[in-house]
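# Tertiary structure, described
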Amino acid sequence: MSVLVDAETRVLVQGITGHQGTVHTRQMRLFGTNVVAGTTPGKGGQTVEEVPVFDSVAEAVERTHANASVIFVPAPYAKDALLEAVDGGIRLSVVVTEHIPFHDMLTMYHYARAHGARIIGPNCPGIASPGKAKVGIIPNVVFHPGRVGVISRSGTLTYEIVNGIKEHGLGQSTCIGLGGDPVVGTSFVDALPLFEKDPETDLLVLVGEIGGTAEEDAAEHLKHHFTKPVVAYVAGRSAPPGKRMGHAGAIITRGKGTAESKLQALQGAGATVATFPYEIPDLVAKALKEHGRR
Amino acid sequence: MVKLPEWRGKDVFRSYGLPLPKGRVVRSPKEAAAAVGPGGVPLPCVIKAQVLAGGRGKGGAVRFASTPNEVKEAATGILGLEFKGERVRELLVEEKLALNQELYVSLTLDRSLRMPVLIASPRGGVEIEAVEDHEILRLPVHPFAGLTSYEKRAVSKALHLTGPRGKSLDLVLDRLWEIFQKEDAELVEINPLAVVGDHVIALDAKVIIEDDAAFRHPQYAEVRDDRTPLEEIAREKEIAFVQLDGNIGVIANGAGLTMATLDVLQQFGGRPGVFLDLGGTDDPKKVTEAFLLMARAKPAAVFLNIFGGVTRCDTVATGLVEAMKQVPANERFPLVARIRGNNEAEGIAILQSAGVTSLRDLRESVQAAVAAASAPSAALAGGSP
């Protein structure tokens, strides 16, 4: 299969009766995703976009055998929604909701982990494999089936870059938007092994942002455990020194976190670094050629 | 990010039972003098400016006094200060304790580990970045298990505290962990944590509450960084607003795309001024709200870079053209708009017929915006030249 989702994925939409839930259920179905159920407490029995709505995840799973979920539930209730998904037997949840307190996300992450479940997000656009399935909100128009994998901490910048790859006549295997929050369910380091062993991915585009040390951690992983070519871009090289979590935060990062630190680390790990997003498609095409994959 | 001033942080500490020096918040020299002496704050005392920036000691924003008159004098001196851009409006008058030693403890988040981390050092009272790694203990704390006894013993050992001092530290660590979780803190920091006789006492308090958790902590609603009226409107509309010192306004959707846009703008010699990030949405209503907010910031030119996908580009373009009509003729500015996604061609046509430069390519769009900002006689958005 592709990375994490494929044509067999049976998607449950948590918060399906809200505006976002409804809009994106439609979009996911147009993409070809097998959306089997939705939940909104108290609204069981309705249908949204031809999808049956249930009161609880347990019921939805029992009746439809859903095996992945996407969460559109507002931030104050998102933690509960995720815990319910995990307890209902769901092992992949994409959390689109933004502004979830990171203390809630700590609970969500460690709970999911203890149950062998994976979270993508929060505050993320989700995951898509063109021709197979989309769990999340990445616009359908940017995709074309192909062999380039994309992982990113951004939302709309990911759309821009994935679209650029398509307009260059290339296509994508799987694209994952990991989300840019302080605590994410799946980090670059967590996602890299999935692309390494995916036979449908020839090359990986890694899109980072300033702040945190996720890119430096990724570089360390690339150096030792990743064999496919990587094209990397980090947004924010021109940004003025931003907010940080006081002095204690600086102790954890110790000089990491800047665009220079990230680019240097990625370059040192053998990645081809793009200075601007519009350079990515050319670099991808060139790297594919060099590796005899096109 | 809600950064509490020291006295508010100490109020939180007090409500959780952390040991603190006796103190009082005052707002005038007269109040300061009245706060000390019998029944009040014992003398000698320390007078501290309640500002959020660090380095107060070196910057003259902390003074000592032994008599009510000296207190008044010190208060007069500090209240007039502007400290690192912040006007001093409040003082904390506190008893001056005879310290044996100054330590450091804090709790914050380690993003890579996805765990809270307790940081402790026997070198307190200085900026923790300046302390060498081997003198800093970093202890990840599992959120389900909380701070365990064996972990607390490790902290005591790292801080060289034994006997009653170790016991006193245990209490501080338990309370600190409680505050970190229950108050949804990004950071709780005590620097210095002073050893006074058999006890440890929090001489300073730095507490940062996470913005995203504000919905369950209405008590911090009034603690706000100083915001300009435009920043306040942006906040209400959930638009991220950042003021840089250039003259080109930037509106984009999503933090990554906004940063990438600034990178490209700077590459082509543009100087970004106000930038607005709508978040991941292409909601036409929000785009027009951002546009009208931007108009009030009086930019030389505006570059709008929206990657849609769900909403159709022509819908966003129509909304934008309507919004342009609301800007008074004498306040109009050149607009370069790049709106990508569904129905692109229709969107571009609508914008171009309204006098807006509308291009698909990011480089060309940025170059057009830079040119427009440096040529004030260029065609103005929405108006006939």
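Scroll up for the structure.
The following refers to the structure shown.

About the criteria used
- Residues numbered from 1 in each chain as written.
- Chains lettered and ligands numbered in written order.
- Predicted model: local features only at pLDDT ≥ 70, side-chain atom pairs only at ≥ 80, totals over all residues.
- Heavy atoms only, no water.
- Helix = DSSP H or I, 4+ residues; strand = E, 2+ residues; numbered from the N terminus.
- Rg over C-alpha atoms; globule rule 2.2 N^0.38 Å.
- Buried < 20%, exposed > 50% of the residue type's maximum accessible area, 1.4 Å probe, protein only.
- Contact = heavy atoms within 4.5 Å.
- Pairing = 2+ DSSP bridges.
- Axes fitted to C-alpha atoms, helices over the stretch in contact; angles between N-to-C directions.
- Parallel < 35°, antiparallel > 145°, perpendicular 65-115°, else oblique.
- Nonpolar A, V, L, I, M, F, W, Y, C, P; charged D, E, K, R; others polar.

## Things to note about the overall build of chain B
- The number of helices and strands found in chain B is 11 helices and 19 strands.
- In terms of overall size, chain B is more extended than a compact globule, its C-alpha atoms giving a radius of gyration of 27 Å where 385 residues would be expected to give roughly 21 Å.
- C-alpha atoms of chain B, sized along the principal axes, occupy 80 × 50 × 35 Å.
- Looking at chain B as a whole, 52% of its 385 residues are labelled buried.
- Taking the contacts inside chain B whose residues are at least 6 apart along the sequence as the reference set, 68% of them involve residues at least 24 apart.

## Some details on the overall build of chain A
- Across its full length, chain A carries 10 helices and 14 strands.
- For 294 residues, the compact-globule estimate of 2.2 N^0.38 gives 19 Å, and chain A sits close to it at 19 Å.
- By principal-axis analysis of the C-alpha atoms, chain A measures approximately 55 × 50 × 30 Å.
- Burial status across chain A gives 62% buried among its 294 residues.
- Looking at chain A alone, contacts between residues at least 24 apart form 74% of all its contacts between residues at least 6 apart.

## Quick notes on the pairing of strand 9 (residues 115-121) of chain B
Residues and elements named next belong to chain B.
- When you tally the buried positions in strand 9, you get 7 out of 7 residues, the bulk of the element.
- Here strand 9 shows no split at all, with Met115, Val117, Ile119 and Ser121 on one side and Pro116, Leu118 and Ala120 on the other all buried.
- Bridging between strand 8 (residues 101-110) and strand 9 involves 7 bridges; their strand directions are antiparallel. Across the sheet, residue Thr108 finds its bridge partner in strand 9, namely Val117.
- Adjacent in sequence and paired antiparallel, strand 8 and strand 9 are bridged by 4 residues, among which Arg114 carries a positive phi angle near 55°.
- Sheet topology places strand 9 next to strand 10 (residues 137-140); 4 bridges connect them, and they run antiparallel.

## Digging into the packing of helix 7 (residues 214-225) of chain A against helix 9 (residues 259-268) of chain A
All names here are of chain A.
- Viewed as axis vectors pointing N to C, helix 7 and helix 9 meet at an angle of 10°, and their least axial separation amounts to 8 Å. In terms of their interaxial angle, helix 7 and helix 9 are classed as roughly parallel. On helix 9, the residues that touch Ala214, Glu215, Glu216, Ala219, Leu222 and Lys223 of helix 7 are Ser261, Lys262, Ala265, Leu266 and Gly268.
- Of the residues assigned to the contact of helix 7 with helix 9, the class counts are 5 nonpolar, 2 polar and 4 charged.

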